[in-house]
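Report on the structure
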Amino acid sequence: MGLLTGLIDQASVYLEGQNVWVLGPTILGAVVVLSVVINVLNQLLFSDPNQPPVVFHWFPFIGSTVSYGMEPYVFFNKCQEQYGDIFTFILLGRRMTVALGPKGNEFVFNGKHADLCAEEAYTHLTTPVFGEGVVYDCPNHMLMEQKKFMKFGLTTETFKQYVPLIKNEIVDFFTNSPYFKGAKSGSVPLSIAIPELVLFTASRSLQGKQVRKALTTTHAALFHDLDMGFTPVNFMFPWLPLPHNAKRDKAQRAMAKLYMDIIAKRKSGEEKEQEIDMIWNLMNRSYKDGRALSDRDIAHCMIALLMAGQHTSMATTTWTLLHLAAKPEIQTALYEEQVKVFGEELSPLTYDKLSDLSMVNNVIKEILRIHPPLHSIMRKVKSPLHVPETNFVIPSTHFVMAAPGVSAMDEKYFKNAKEFDPFRWVGHEKDEDNAEKFDFGFGLVSKGTASPYLPFGAGRHRCIGEQFANVQLGTIISTLVREFEFSLPPGQKDVPLVDYNSMVALATAPALVHFKRRANSNH
């Protein structure tokens, strides 16, 4: 005690004579140093062998936020090498327990709802983007009902109608876009053009003629602002007055107003001819307790639906064109398949023949393997959870995180895993059809979760738009391959790096490619 008392006395004498402008930073620095020392000692001396190892970090609260946020897969791979498939890291004060590999995917995706909750994990991110009362801002049973409502636009019959609608939107885009209009060749920034193209095709098919007519290139920019709401910092602080959050909130209000104006016109009778579309469907739906969806709920459901139908396809289409530009031999194989299936004159695309385009489907699978749209899938732990085949118990204060993209790029499961090689899927086209199916309350989906390849998730939260995404992507890729040849800009040998500013893994802007119209192009 004498030593400590002496140090305190000496510090008091020193501080008494200091100016406040010196004193403040000195105290702050001392607090930071002390917190770092305590944090490091706590990790070294008081680790719990019954919990997953914690990734070493210097600063409390910040933890591994920076290294995870900058390059998630580099971070995951480094930690996996050092700690194994199960480890915990600190993300803005929250403890994230990561489960990697097929067993990790199984652990997270197949967890019981009573143990693992998606709503508590995502509501901070999704509610400011979609709006209140829908998706993760409502009880799980309501989310399951909302998914069931959306099935109206996700049937085989609607898919058959969507293919020509999507194709026509693409042709209109070629005709009107300043990048393609009247040009036989040129350059196009995919980071601008593809979000517009995908928004128009998704809105015309999933949401109907009236919604599509109301959307312009300005709305593509609004959806980009909504996408930027999915940032790691918003996992903890969605309310921070940051520029991207201000844009997110403005975009959400603008899109909600667009849908609510359409609903109001329909209710007033101002719209005489009404297409039986998704808005009509939602206006005539009720929850099991008899409560009808409010206009606000419908508008927010429409935002969520279009976001779901837009951002996965946007990222996948962009990465597809970049990889095709880098490998012209794959373009040739795709075009030859079009001729084989549709004839020399390239008859119109149809839903029934999309399944015959094995090369197109294998390209989509391969892009989703090396560029899964979401690098991290999270759940909130609701009760202490034992990790199978280990002594670890994850406390209810933790979140769990799966990263299927890690196993999808692992040499243990895919030879030459970092190479873009659609031919690796030849002979495996029917694997998904043999997977176990289960109805979680909104229709049959694949239950299989112990897989190294899960681009659409699995279990009760598997993406219900998976089939639509394949129809949309198959139609877009087929139409683009029929019309153009693509190449990378001179001097560029590979595709751009991934931009991790959003939780959707996009190509770094502007993602330029050169295009050249084919001699037999019809548009």
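Residues numbered from 1 in each chain as written. Predicted model: local features only at pLDDT ≥ 70, side-chain atom pairs only at ≥ 80, totals over all residues. Heavy atoms only, no water.

Once that is clear, we can look at the overall build of the chain. The helix and strand inventory of the chain stands at 19 helices and 14 strands. Reported as C-alpha extents along the three principal axes, the dimensions of the chain are approximately 95 × 55 × 50 Å. Residue burial in the chain is summarised as follows: out of 523 residues, 52% are buried. Considering only residue pairs separated by 6 or more positions, the chain has 72% of its internal contacts joining residues 24 or more positions apart. Carbon and sulfur atoms make up 59% of the accessible area of the chain, which amounts to about 24,700 Å² in all. (Helix = DSSP H or I, 4+ residues; strand = E, 2+ residues; numbered from the N terminus. Buried < 20%, exposed > 50% of the residue type's maximum accessible area, 1.4 Å probe, protein only. Contact = heavy atoms within 4.5 Å. Areas by Shrake-Rupley, 256 points an atom, 1.4 Å probe, with all protein chains shown as cover.)

Core analysis: the largest hydrophobic core is formed by 150 residues, its most contacted members being F76, F89, F130, Y259, L334 and M378. Take this core: its biggest share by element is 16 residues, from helix α14 (residues 295-326). Counting only domains with at least three residues in this core, you end up with domain 1 (48-110 + 373-414) and domain 2 (120-370 + 436-451 + 455-517). Among residues more than four places away in sequence, those in contact with Y259 are Q207, V211, I279, A299, M302, I303 and L306. (Core = buried A, V, L, I, M, F, W, Y, C linked by side-chain atoms within 4.5 Å. Domains from an automatic or database assignment.)

In this model, the chain carries an average pLDDT of 90, and 90% of its residues clear a pLDDT of 70 or more. Contacts from residues 438-445, a stretch scored under 50 in pLDDT, to residues over four places away or in other chains number 24 contacts. (pLDDT = per-residue confidence, 0-100.)

Quick look at the packing of helix α9 (residues 190-207) against helix α19 (residues 466-483) now. Contact pair α9 / α19: the axes reach a minimum separation of 11 Å and the direction vectors enclose 125°. One finds that α9 runs oblique with respect to α19. Relative to α19, α9 is oriented so that their crossing is right-handed. On α19, the residues touching L197, V198, T201, A202, S205 and L206 of α9 are F468, Q472 and I476. Broken down by class, the residue content of the contact of α9 with α19 amounts to 6 nonpolar, 3 polar and no charged. (Axes fitted to C-alpha atoms, helices over the stretch in contact; angles between N-to-C directions. Parallel < 35°, antiparallel > 145°, perpendicular 65-115°, else oblique. Left-handed = near helix turned anticlockwise from the far one by under 90°. Nonpolar A, V, L, I, M, F, W, Y, C, P; charged D, E, K, R; others polar.)

The UniProt feature table records "binding site: heme" (unreviewed entry) at C463. Note on placement: C463 falls in the loop between β10 (444-446) and α19. Look at C463 and you get partly exposed, because its relative accessible area is 31%. (UniProt positions renumbered as here; feature names shortened; annotations may be inferred.)

So, about the layout of surface pockets. Counted as a void, the second largest pocket has a volume near 920 Å³. The wall of the second largest pocket is formed by 29 residues, among which I370, H371, M409, K418 and V498 lie closest to the centre. Mapped onto the lining of the second largest pocket, the elements with two or more residues apiece are α4 (72-83), α14 and α18 (404-408). Here the residues of the lining of the second largest pocket are counted per class, giving 16 nonpolar, 5 polar and 8 charged. Both of domain 1 (48-110 + 373-414) and domain 2 (120-370 + 436-451 + 455-517) provide at least three residues apiece to the lining of the second largest pocket. (1 Å grid on protein atoms, 1.4 Å probe; cavity = no way out; pocket = protein on both sides within 12 Å on 5 of 7 lines; lining within 4 Å. Points joined across faces, edges and corners; volume = space filled by probe spheres on them.)

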